[in-house]
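Inside the fold
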Amino acid sequence: MDEIFLLARETVRVIFHIDGEYTRVIWERSENTAWAGIGWIFDIPTYVIPSDLRAIGSRFLLSIVKPNANDCEDIENIRNNRNSFFHIERLTFVI
């Protein structure tokens, strides 16, 4: 049985694009705090982001998952599957 382990689930904001293949996002709750710039910025594959959420300043919920609990995964397996680690959800607001 394959389990998925949630490593992080945070609201992020698009800050810029890198060579069209990756998009840099920042965790919103770390911005303007002592945490900003200390590992709270991620480069994620642009294609995993829906096209209407790719604009600079767009916000969405980013989940980073791991396919299993094995801490000793093969580095090649991680590299080959890195794009499946990111899940995007649209933010919804209820008024």
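Everything quoted here is computed from the prediction, not taken from an experiment.

Observations regarding the overall build of the protein
In terms of helices and strands, the protein carries one helix and five strands. Scanning the protein from its N terminus toward the C terminus, one meets helices and strands in the order β-β-β-β-α-β. Scored against the burial criterion, the 95 residues of the protein give a buried share of 27%. In the protein, once contacts between residues fewer than 6 apart in sequence are set aside, the share between residues at least 24 apart is 57%. Here the protein has roughly 6500 Å² of accessible surface; of this, 54% comes from carbon and sulfur atoms.

Some details on the nonpolar core
Counting residues in hydrophobic clusters, the biggest one holds 14 residues, and the most contacted among them are Val12, Val25, Ile44, Ile49, Phe60, Leu62 and Phe86. Listing elements by their share of this core, those giving two or more residues are strand E1 (5-18), strand E2 (22-27) and strand E4 (59-66). In this structure Val25 touches Val12, Arg13, Val14, Ile15, Trp40, Ile41, Phe42, Ile44, Phe60 and Leu62, once residues within four positions along its chain are discounted.

Quick notes on the sheet that holds E1
On the basis of which strands lie adjacent, the open sheet formed by five strands has the order E3-E2-E1-E4-E5 and antiparallel pairing. The open sheet is flanked by strand E3 (41-45) and strand E5 (86-89), the only strands paired with a single partner. Averaged over all neighbouring strand pairs, the angle between strand axes comes to 45 degrees, with direction disregarded. In this structure, E1 lies alongside E4, joined through eight bridges in antiparallel fashion. Looking at the pairing, Leu6 lines up with Val65 of E4.

Overview of the confidence of the model for the protein
Residues with a pLDDT of 70 or more make up 66% of the protein, whose mean pLDDT is 78. For the protein, the element scoring lowest by mean pLDDT is helix H1 (residues 75-81), at 65; E2 scores highest, at 91.

Some words on the environment of Glu21
The residue Glu21 is located in the loop between E1 and E2 in this model. Residue contacts for Glu21: discarding those within four places in its chain leaves Ile44, Pro45 and Thr46.

Rules behind the numbers
- Residues numbered from 1 in each chain as written.
- Predicted model: local features only at pLDDT ≥ 70, side-chain atom pairs only at ≥ 80, totals over all residues.
- Heavy atoms only, no water.
- Helix = DSSP H or I, 4+ residues; strand = E, 2+ residues; numbered from the N terminus.
- Buried < 20%, exposed > 50% of the residue type's maximum accessible area, 1.4 Å probe, protein only.
- Contact = heavy atoms within 4.5 Å.
- Areas by Shrake-Rupley, 256 points an atom, 1.4 Å probe, with all protein chains shown as cover.
- Core = buried A, V, L, I, M, F, W, Y, C linked by side-chain atoms within 4.5 Å.
- Pairing = 2+ DSSP bridges.
- Axes fitted to C-alpha atoms, helices over the stretch in contact; angles between N-to-C directions.
- pLDDT = per-residue confidence, 0-100.

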